[in-house]
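Now for the letters of each chain:
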Amino acid sequence: MILHLNHIQPDRAALASSVVSTLVSIAGDGQIQPRILENLNVHLDWVQYKTNFREAVTVRRATRGAELLPWIEAGVDLRQVQPETLKSEFISALQDVDAGASRKRIYLETFAPMRSCLIWRFNNLFWQHLPLWESASGKGFERALPGGKSDANHPDAVADAVADFWTLLKDLENHHQLPAEIFVLEIGVGTGKRAAMWLDRFRALDRERGTQYYPRIRFLLGDYSMPTLNRAMETVREHRELGSFLAVDALDPFKSLSFLRYKVLSIHLTNVYDNLPTDEIVVRDGKLYFVEVRSYVPAAAATHISETFGIPITDFERTVTRLLEVGPQHVHPSGVEKGVAFWRAVWDAIRLEERFVAIQTILDAPLPTGLKPQLLESFVGEGVMNQRFQLSSGAVESFLNTVPLLHPRGYLQVQDIFVTKLEDYSRMFRGPGKMDGSIVNWVNGALLSQVGAQAGYDVHFAPFLYREGSRTSTLYTTQRE
Amino acid sequence: MNLPILPTTVVGSYSMPGWLERLKTEFFARRISRQDLDEIHDVAVKAAIKDQEVAGLDIITDGELRRDNMIDYFAERLPGVQTDHTSKKFYYDFYDSVVRGKLPMASLRLTDDFKFLATFTDRATKFCVTGPHSLVKRIRDEHYKSEEAFDMDLARVMNMELKELVRAGARYLQIDEPYYSGFPEDIQWGVKVVNTLVDGVDAKITLHICYGNRYGKPSWAGNYRYLFPAILEAKVHQLSLEFARRGGEDLELFKEFPNRFELGLGSIDVKTHEVETPEIVAERVRKALKFVPVERIHVLPDCGCLHLPQEVAFAKLKAMVQGTKIIRKELGG
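Here is what the cut-offs are and how they apply
- Residues numbered from 1 in each chain as written.
- Chains lettered and ligands numbered in written order.
- Predicted model: local features only at pLDDT ≥ 70, side-chain atom pairs only at ≥ 80, totals over all residues.
- Heavy atoms only, no water.
- Helix = DSSP H or I, 4+ residues; strand = E, 2+ residues; numbered from the N terminus.
- Contact = heavy atoms within 4.5 Å.
- Areas by Shrake-Rupley, 256 points an atom, 1.4 Å probe, with all protein chains shown as cover.
- Axes fitted to C-alpha atoms, helices over the stretch in contact; angles between N-to-C directions.
- Left-handed = near helix turned anticlockwise from the far one by under 90°.
- Nonpolar A, V, L, I, M, F, W, Y, C, P; charged D, E, K, R; others polar.
- Buried area = accessible area lost by both parts, 1.4 Å probe.
- Salt bridge = Lys/Arg side-chain N within 4 Å of Asp/Glu carboxyl O.
- Polar contact = N/O pair within 3.5 Å; in protein donor to acceptor, adjacent residues only side chain to side chain.
- 1 Å grid on protein atoms, 1.4 Å probe; cavity = no way out; pocket = protein on both sides within 12 Å on 5 of 7 lines; lining within 4 Å.
- Points joined across faces, edges and corners; volume = space filled by probe spheres on them.
- Pairing = 2+ DSSP bridges.
- Buried < 20%, exposed > 50% of the residue type's maximum accessible area, 1.4 Å probe, protein only.
- Parallel < 35°, antiparallel > 145°, perpendicular 65-115°, else oblique.
- Phe/Tyr/Trp six-rings, centres within 6.5 Å; stacked < 30°, edge-to-face > 60°.
- Lys NZ or Arg CZ within 6 Å of the ring centre and 35° of its normal.
- Expected span 1.5 Å × (residues − 1).

**Student:** Help me out: how do you make sense of the overall build of chain B in this one?
**Tutor:** Of regular secondary structure, chain B possesses 10 helices and 10 strands. With the principal axes as the frame, chain B shows a C-alpha extent of 55 × 40 × 35 Å. Summarising the internal contacts of chain B: among those between residues at least 6 apart in sequence, 77% fall at separations of at least 24. Just so you have it, chain B exposes about 13100 Å², and 51% of that area is on carbon and sulfur atoms.

Below, the structure written as structure tokens:
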């Protein structure tokens, strides 16, 4: 057995020590088959999110084609694990190691690359039925964010962003290059509060400086969730004549906005990239794997949920499928409230089983559309021996499908949680986690930097300094010479 | 060499294959030799020539596939310009280049490229060079007192090279000056520099001015009004301008400012992979004919095809040729 201590929270050092000694004693007392023990790699991780898709002990196997490779990886989540139950959980997790499936789980799908996994349909469900979820939880979705509100709406941050934008417009005007219509785009509009604050501030600044730019602003608010767009429309009603509300797929904004090619002077996204589907790559002893997952609900939890909602356990999987197909309003005979409660219970219980699929080169992985494979080759070819990182597939696609909208002097700003150096993935497990009813992943900023360079943009990251303790930073682009 | 009415050509570059990008970068990583890369370039250029011929172009270039980008190929060759060869990893990036003293007169050794091109095609050929104004914007100056002075001296050196190319048989030369559009305030002295550059050069000379094509996207926005009336003093035969992506509004300038120039009509948008139909190209030519007589129009893409996939570039050029043929037929050609 090889033990990997990937991250130890300073205030959990004693726990980590206890976990290590427990594992050593398990290894020594003969409860694990020698064949398994000699191929076992145990990773002690700190999972970023309190609610996530793991159990305290997760076992992962690796495959090459139809062959099951001998080495076994066990992930121990130092946040969830209890020293007193570790031993039983660890041994239990290894018992199913050779079985194709565990009888302790109700599987909701077969193995698939992570970005195609069922949890993204839950994510979609959340945004499409947001008011129902919020009504049941009794709080708006922004309350689930660290600090209880979005950093995007910080007045000082908005004021600085507006000032920078005004300066750009002035410079364009000085060079006789200011377009008649000044397009500004926000994708993923949240409550609409940032857009309203931005417009308020811009109007005030414009009046103060007498520049007459405000009436030329065409502020486009794009989101794929109609409930969200409707809410935003109400929030920015004071600027209604300048605003347009558009159904925009964050993965491909160009699809609906191609008429604005090279015309948009400012594009902003907050907390969007971290909510887009992603795949993951694992490097172990220099060999490459991509991660496949299948979602499941632990049998005990499924039984409990079934009993609570009066659904036969044999109908559990079918009922979940129906929830995703028709929505929470129609899933339970007692009505929408029960439907939403069922949804929330399943979401709370849902977990991901993982397996690592061996690949010869990175080109065999499910790469984000539009990403030049040679770029990723050089990205993972920099002496990486043991690493697990996100491809941030959705974020890469979104970036590549957004920048063609930018005016030659325009810029993209993305406020989110970024991993800006590949080696930082070693220090923490960066998702996926659950954020209320949605999914959150850290975003591979290091990869986005390279993607940007190939697309003609230098990508920079500035820490968000307006709120102490904020983990977000702002990606912004400048034209690459 | 007799050309038909509405001659067709490219602006200069042809599609850069992905494999060639990788091999160029391998060269910078010292994993393949200069000799190997030269041989690879020869093969790629021959393929680019063949593609242009099969697409039906009347005037052929070497596709500029030997060049890393529009600056470094010249900066490396300019006598007196120092380039830091450790300053880039990816072939398309720019070197850090600097001039620290007056430029001496010496050859840029471009004639070999032209001779190679002429060897492998029987059609008319065009050779393209990056103009001094664009080079000045990317080469750090630690000697001259002004950009204009640096630019003028570059023109003096490059004038000799253009004459060398003519001696080697070049009949069509093109000067690329996209940076005009980024620095429209330079146009007055920019034209003087061009006139120094072409002084005594006995060839048909095109001045290509677009809005940039770095990474396959525009670097600047605006319109061509800034060129006029200063550009009327330029001692070139043809202005090659982009109209496909931007629309034909600026064609009005040819009416507003009567001139003697031929128009290199940008009729293919090189910043989208969507292939134009011949009818679209024909319509763009028809529109231009309202402002410029047919005998003074050449048909070409907006800019180089460098960033287009090969199959897209080839299809676009074919559509451009077919669209031009529609107009020739309409005109009884």
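Text resumes after the structure shown.
**Student:** I tried to follow the packing of helix 2 (residues 34–55) of chain B against helix 10 (residues 310–330) of chain B on my own but got confused; where do I start?
**Tutor:** Relative orientation and spacing of two packed helices are given, respectively, by the angle between their axes and the distance between those axes. Residues and elements named next belong to chain B. Across the interface, helix 2 lies against helix 10 with an axial gap of 8 Å and an inter-helix angle of 35 degrees. Every pair of crossing elements has a handedness; the one defined by helix 2 and helix 10 is right-handed. On helix 10, the residues touching D51, V54 and A55 of helix 2 are Q310, F314, L317, K318 and V321. Considered class by class, the residues forming the contact of helix 2 with helix 10 number five nonpolar, one polar and two charged.

**Student:** What's the story with the interface of chain B and chain A in this structure? I'm lost.
**Tutor:** Accessible area lost upon the coming together of the parts serves often as the stated size of an interface. On the chain A side, the residues contacting the 22 residues of chain B number 17 residues. For the pair chain B and chain A, the two sides together bury roughly 1600 Å², of which 43% comes from carbon and sulfur. Of all residues in chain B, the largest losses of buried area upon contact with chain A belong to B:R22, B:Y215 and B:K217, amounting jointly to 36% of the total for that side. Where chain B packs against chain A, one counts four salt bridges. As a salt-bridge pair, B:D93 and A:R480 come within 2.8 Å of each other at their nearest N and O atoms. For the pair chain B and chain A, the number of links is eight residue pairs in polar contact (both at pLDDT 80 or more).

**Student:** Sorry if this is basic, but what is going on with empty space enclosed by the protein here?
**Tutor:** Gaps between atoms show up when a probe of the same size as a water molecule is rolled over them. Within this structure, the stated rule accounts for four cavities of 30 Å³ or more. Taken as a whole, the largest cavity encloses approximately 70 Å³ of empty space. Residue lining of the largest cavity: A:N52, A:F53, A:R54, A:T58, A:R60, A:L352, A:E354, A:F429 and A:P432, and that is the complete set. Only strand 3 (57–64) and strand 13 (351–359) of chain A provide two or more residues apiece to the lining of the largest cavity. Residues of the lining of the largest cavity, tallied by class, amount to four nonpolar, two polar and three charged. Taken together, B:T9, B:I59, B:K126, B:Y172, B:L173, B:Q174, B:K204, B:T206, B:Q238 and B:H298 make up the lining of the second largest cavity.

**Student:** Would you mind going over the sheet that holds strand 20 (residues 457–463) of chain A with me for this structure?
**Tutor:** The strands making up a sheet associate through hydrogen bonds between their backbones, and the pairing can be parallel or antiparallel. Residues and elements named next belong to chain A. The strand order 9-8-7-10-15-21-20 describes an open sheet built from seven strands, whose pairing is mixed. The sheet terminates laterally at strand 9 (243–247) and strand 20, the two strands that pair on one side only. Between one strand axis and the next, the sheet turns through 20 degrees on average, direction left out of account. Relative to strand 21 (residues 473–479), strand 20 runs antiparallel, the two being bridged by seven bridges.

**Student:** Whenever I open this one, the side chain of A:H268 confuses me. Can you help?
**Tutor:** Residues and elements named next belong to chain A. Position of H268 relative to the elements: it lies in strand 10 (residues 264–270). Its relative accessible area of 5% is what places H268 among the buried residues. Excluding residues that lie within four positions of it along the chain, H268 makes contacts with L185, E186, I187, R194, Q413 and Q415.

**Student:** Would you take a moment to explain the packing of helix 4 (residues 119–128) of chain A against helix 12 (residues 336–349) of chain A for this structure?
**Tutor:** All names here are of chain A. With their axes 12 Å apart at the nearest point, helix 4 and helix 12 run at an angle of 140 degrees to one another. In terms of axis orientation, helix 4 runs oblique to helix 12. The handedness of the crossing between helix 4 and helix 12 is left-handed. Here I119, F122, L125 and F126 of helix 4 come into contact with helix 12, specifically with W343, V346 and W347. In the contact of helix 4 with helix 12, the residues fall into seven nonpolar, no polar and no charged.

**Student:** I keep staring at the packing of aromatic side chains and nothing clicks. Help me out?
**Tutor:** Aromatic ring pairs: the centre-centre distance and the angle between the two ring planes describe each pair. Across all of its chains, the model carries 34 aromatic pairs over all chains by this definition. Ring geometry for A:W71 and A:Y289: centres 5.4 Å apart, planes at 75 degrees, overall edge-to-face. Taken together, the residues A:W71 in strand 4 (residues 67–77) and A:Y289 in strand 12 (residues 287–298) connect sequence positions 218 residues apart. A:Y289 carries the same exposure label as A:W71, and that label is buried. An angle of 50 degrees between the planes, with centres 6.3 Å apart, marks the rings of A:F389 and A:Y425 as tilted. Within this pair, whereas A:F389 is found in strand 14 (residues 387–390), its partner A:Y425 is found in the loop between strand 16 (418–419) and strand 17 (433–435), the two being separated by 36 residues in sequence. One exposure class covers both A:F389 and A:Y425, and it is buried. By way of ring pairs, the aromatic residues A:F126, A:W127, A:W133 and A:W343 are connected into one cluster. Here the basic side chain of A:K434 rests over the ring of A:F53, its NZ or CZ set 5.0 Å away from the ring centre. One cation-aromatic arrangement involves B:R77 over B:Y73; the distance from NZ or CZ to the ring centre is 4.0 Å.

**Student:** Just checking my understanding: could you explain the pattern of salt bridges for this structure?
**Tutor:** Opposite charge on two side chains lets them pair, provided their charged atoms get close. Residues and elements named next belong to chain A. Scanning all chains against the criterion turns up 53 salt bridges over all chains. Here E181 and R218 are joined by a salt bridge, their closest N and O atoms 3.2 Å apart. Placement of the pair is E181 in the loop between helix 6 (155–174) and strand 7 (182–187) and R218 in strand 8 (residues 217–223), with a sequence separation of 37 residues. With a relative accessible area of 38%, E181 lands in the partly exposed category. The partner of D249 in a salt bridge is K255, and the shortest N-O contact between them spans 3.8 Å. For D249, a relative accessible area of 29% translates into the label partly exposed.

**Student:** It is not clear to me how the side chain of A:S398 should be interpreted in this structure. Could you clarify?
**Tutor:** Among the secondary structure elements, A:S398 is positioned in helix 14 (residues 393–400). In this structure A:S398 touches A:A250, A:L251, A:P253, A:L269, A:Y273 and A:L276, once residues within four positions along its chain are discounted.

**Student:** How do you make sense of helix 10 of chain B when you look at a structure like this?
**Tutor:** Residues three or four positions apart in an α-helix share a direction because the helix packs 3.6 residues into each turn. All names here are of chain B. Over its 21 residues, helix 10 runs 30 Å from end to end, which matches the ideal 30 Å to within 8%, given 1.5 Å per residue. For helix 10, the complete set of buried residues consists of V312, A313, F314, K316, L317, A319, M320, V321, G323, T324, I327 and R328. Buried residues along helix 10 sit in contact with helix 2, helix 9 (278–289) and strand 10 (297–300). Following helix 10 by one or two positions, G332 adopts a phi angle in the positive range, close to 85 degrees.

**Student:** Hey, could you run me through the sheet that holds strand 5 (residues 139–141) of chain B in this one?
**Tutor:** Residue and element names in this part refer to chain B. The mixed open sheet is built from three strands, whose spatial order is 2-3-5. The open sheet is flanked by strand 2 (81–84) and strand 5, the only strands paired with a single partner. Adjacent strand axes in the sheet meet at a mean angle of 30 degrees when their direction is disregarded. As paired strands, strand 3 (residues 96–99) and strand 5 are joined by three bridges and run parallel to one another. In the sheet register, S97 faces strand 5, and the bridge partner there is I139.

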